[in-house]
Amino acid sequence: MPELMQTDELTARILRIIAETQRKDPAQVTIDSSFEELGIDSMDGVNIVFALENEFNINVPDEEVKNIRSVRDMVDGVIKLVEAAKATAGNPPETAPKTEPGDTAPAAS
Amino acid sequence: MRRVVVTGIGVISGLGRNREEFRAGLREGRCGIGPITNIECSDLRFRGGAEVRCYNPCDHFSPKEADMIDRFAQFAVVAAREAVAQSGIEWTAELRENSAIVTGSCVGGQSTENQGFWDVYKMGKPRVHPMTIPKTMANAGASAISQEFGITGPAFTISTACSSSAHAIGQAFMMVRSGMSDVALTGGSEAPFSYGILKAWEAMRVVSPTVCRPFSKDRNGMILGEGAAMLVIESLDHALARGAKPLAEIAGFGMSSDAHHITQPSAEGAAKAVRMALKDAGIAPEQIGYINAHGTGTTVNDVTETCALHLAFGDHAKRLAISSTKAMHGHTLGAAGAIECAAAILGLTGGVLPPTIHFNEADPECDLDYIPNCPRRADVEYALSSSFAFGGLNAVLALRRL
C-alpha cells in the first residue's frame, strides 16, 4: 500500500472492487449509488466486505457490516479503517492466518 | 393411509448426552452453550458453541469402531440406540428386512475431512487416511445405524442444510404412512466443528459473538451446535399389535421451496410449508397450540419467520405459544430438525413447553408469544416443528399428543 494514498484514490479503488465483485460496469458504481439501485442485498454486502478486507488488509467488525446501508457508508468505513491501520505505522494489521506447525489440524478429534 | 406414531426418542446434544438430560434441560430452560473447547478458535470473532460435553467415543464404541466412524455418525448411532431401547422393538428377521432408515446431515464427517485436508494442504503430507472418504460421506450415519441393528430395508440420507433432518423425518413418515415400511428409524446428526467450517461461518457474519437470543430485539446471531436425535416411528397398528406405547403421532408434513434467494428466507415460502403441514394433517390453524420455531436468532430469520406465522395463522398467530430451543442446544444444522422435533414431542407429552431463553426485549417486528425465558405448563394437543434452510428449502412437521 503506498505511503500517502489520497482519499480519492482509495475511493476509486473501493468503487472498482464493488463493481468487480458485483460484476457491474465500473461506470455504474458511484459513491452516491444506493444498494437498491445496484441490486446489492445483505449477502452481496458481506461478499463485498470480504473483498475489501483482502484488498486493504483490514478487518471489518460484524457490527459495522450491519450498519452499512450504502456505497458511501462502505467507502467511509473502509477509509477510516485504512487510516487507522496507517496510524499504527510500521505495524500493519495482520490478516494472514496465524497457525502453528503441527501434525494435527485444529479440529475435534 | 395409516397413522404414524413415535415410539422411541434418542437425543445426544449440548443440552444433554441422552434423552432424559435433554428433557430436563428443556424443562429448566438451561443453556447448553459454552466456549468451544475442541478447537482452537482464538482468532475467530466468536467463541461459543453447543458441544456435546465429556464425549468419549470409547464409552459407546470399541476402539476399532470408533476409529472407523466419524463423530457425527457416532452421534447418529448413540441416539438411535436410545430410541430403539425406548421403543422396545425386537428385531425379527422380517422387521430387519422391511424397516427403513432415513437420516439427515448437512456437512457429514467434517472433522475427518478437515484432518485430511490439513494433512495434504498444510502439512504437505503425501497421503491422507484411507478412511477419509467413508467417514466423511453424509450417509455414514445411516449406514452405521443399518449395521448396528442389521436393518436391510431402504436406507438413505437427505441433505437440505438446516432442514435436512426435518425432511428426513417427513420422508420416513410418508414411507410408513404409505405402507412401504412398518417401522423407520429417522432423524439427523451433525458434528460441524472444524476450524475451516468455523472460519466459513465467521465469514457469513451470522454467528453471535455472545449468546443466541431468538426473537429478542437485541439478538445478534446464531450459535452452532452438534448432536443428534433419532426417532423410532411406526404405524399405529404395528405399535399397538406389539404392545408398544406410542409417545406421539406424526400427524402431517409440509414442504416448500422459496424460489427466492440462496440465503435470505421468504415469509411466503415458510408460510406455504406451514399451510401444507396443516393441510396434510387435516387440521385447522386454530388447533395448533405450540410451535418449535426455526428461530436462529439472526436479524433476518426471526422477523421473516414471525411474518410467515402471521401469514399462515392470521388472528390465531397471537394465541400461539412459540419458542426457539436453539438458544439452549445451538443450531445443529442437519440435526436441527430432529432435535427440535424431539423437543416439541417432549414438550407436548410432558405438558411443559420449552422457553426461548436469553430473551431480553420485545422487538416490534417480532410481535408474538415466544415463551420468553420461563418454561410454561400447557395442555397442547397439536404442535409444529419448523425448519427453514439456506437455499430456501422448508420443512414443517405436525405433531400430536396421544
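Residues numbered from 1 in each chain as written. Chains lettered and ligands numbered in written order. Predicted model: local features only at pLDDT ≥ 70, side-chain atom pairs only at ≥ 80, totals over all residues.

Moving on, we get to the overall build of chain B. Across its full length, chain B carries 14 helices and 14 strands. Over its C-alpha atoms chain B spans a radius of gyration of 20 Å, differing by no more than 12% from the 21 Å that the globule rule assigns to 402 residues. Once the C-alpha set of chain B is aligned to its principal axes, its extents read approximately 65 × 55 × 40 Å. When each of the 402 residues of chain B is scored for burial, the buried share is 60%. (Helix = DSSP H or I, 4+ residues; strand = E, 2+ residues; numbered from the N terminus. Rg over C-alpha atoms; globule rule 2.2 N^0.38 Å. Buried ≥ 20, exposed ≤ 12 C-beta atoms within 10 Å, placed from the backbone.)

Turning our eyes to something else, we now look at the confidence of the model for chain A. Taken residue by residue, chain A gives an average pLDDT of 82. The fraction at 70 or more is 76%. When mean pLDDT is taken per element in chain A, helix α1 (residues 7-21) of chain A scores highest with 94 and helix α4 (residues 62-67) of chain A scores lowest with 88. (pLDDT = per-residue confidence, 0-100.)

Residues and elements named next belong to chain B. In terms of residue burial, strand β7 (residues 227-235) counts as a mostly covered element, since nine of its nine residues are buried. Here nine bridges tie strand β1 (residues 4-13) to β7, and the two strands are oriented antiparallel to one another. Paired with Gly10 across the bridge in β7 is Met230. The pairing of strand β6 (residues 183-190) with β7 spans eight bridges and is antiparallel. When the bridges of β7 are listed, Thr186 appears paired with Leu231. (Pairing = 2+ DSSP bridges.)

Before going further, it helps to spend a moment on the nonpolar core. Generally speaking, nonpolar side chains in soluble globular proteins are found buried as a group. Core analysis: the largest hydrophobic core is formed by 130 residues, its most contacted members being B:Ala76, B:Ala79, B:Ile233, B:Ala277, B:Ile345, B:Leu397 and B:Leu399. Beyond its immediate chain neighbours, meaning those up to four positions away, B:Leu399 contacts B:Ala248, B:Ile250, B:Ala251, B:Ala344, B:Ile345, B:Leu348, B:Tyr382, B:Ala383 and B:Ser385. Listed in part, the 16 residues of the second largest apolar core include A:Ile48, A:Met74, A:Val75 and A:Val78. (Core = buried A, V, L, I, M, F, W, Y, C linked by C-beta atoms within 7 Å. Contact = placed C-beta atoms within 7 Å.)

This paragraph deals with the sheet that holds strand β14 (residues 393-401) of chain B. All names here are of chain B. The strand order across the open sheet built from 10 strands is β5-β4-β6-β7-β1-β8-β14-β13-β9-β10, with neighbouring strands paired in mixed fashion. With one partner strand each, in any of the chains shown, β5 (155-158) and β10 (321-323) form the two edges of the open sheet. Averaged over all pairs of adjacent strands, the angle between their axes in this sheet comes to 25°, without regard to strand direction. The pairing of strand β9 (residues 288-292) with β10 spans three bridges and is classified as parallel. The residue of β10 that forms the bridge with Tyr290 is Ala321. Contacts from helix α3 (residues 71-87) reach β1, β4 (100-104), β6 and β7, with the element oriented near 135° to β1. Relative to the sheet, helix α8 (residues 164-178) contacts β1, β4, β5, β6, β7, β8 (248-257), β13 (382-388) and β14, its axis offset from that of β6 by approximately 175°. (Axes fitted to C-alpha atoms, helices over the stretch in contact; angles between N-to-C directions.)

Moving on: the environment of A:Arg23. Secondary-structure assignment places A:Arg23 in the loop between α1 and α2 (35-38). When the C-alpha atoms of A:Arg23 and A:Val65 are compared, they prove to be 21 Å apart, with 42 residues separating the residues in sequence.

Next up on the list: the confidence of the model for chain B. Looking at chain B, the pLDDT average stands at 97 and 100% of residues meet or exceed 70. Listed scores for the predicted complex are pTM 0.92 and ipTM 0.77.

This part is about the interface of chain B and chain A. How big an interface is tends to be stated in terms of accessible area lost as the parts join. Taken together, the contacts link 21 residues of chain B with 13 residues of chain A. Where the side of chain B that touches chain A is concerned, the elements lending two or more residues are α5 (110-122) and α9 (195-204) of chain B. Sorting elements by how many residues they give to the side of chain B that touches chain A places α5(B) first, with four residues. A class-by-class count of the residues in the side of chain B that touches chain A yields nine nonpolar, seven polar and five charged. (Nonpolar A, V, L, I, M, F, W, Y, C, P; charged D, E, K, R; others polar.)

Residue and element names in this part refer to chain B. Where α3 contacts helix α7 (residues 140-149), the axes come no closer than 8 Å and their chain directions differ by 45°. Overall, the two elements α3 and α7 adopt an arrangement that is oblique. Of the two possible hands of crossing, α3 and α7 adopt the one that is right-handed. Packed against α3, whose contacting residues are Phe72, Ala73, Ala76, Val77, Ala80 and Val84, the element α7 presents Ala140, Gly141, Ala144, Ile145, Glu148 and Phe149 at the interface. Along the lines of polarity and charge, the residues of the contact of α3 with α7 split into 10 nonpolar, one polar and one charged. (Parallel < 35°, antiparallel > 145°, perpendicular 65-115°, else oblique. Left-handed = near helix turned anticlockwise from the far one by under 90°.)

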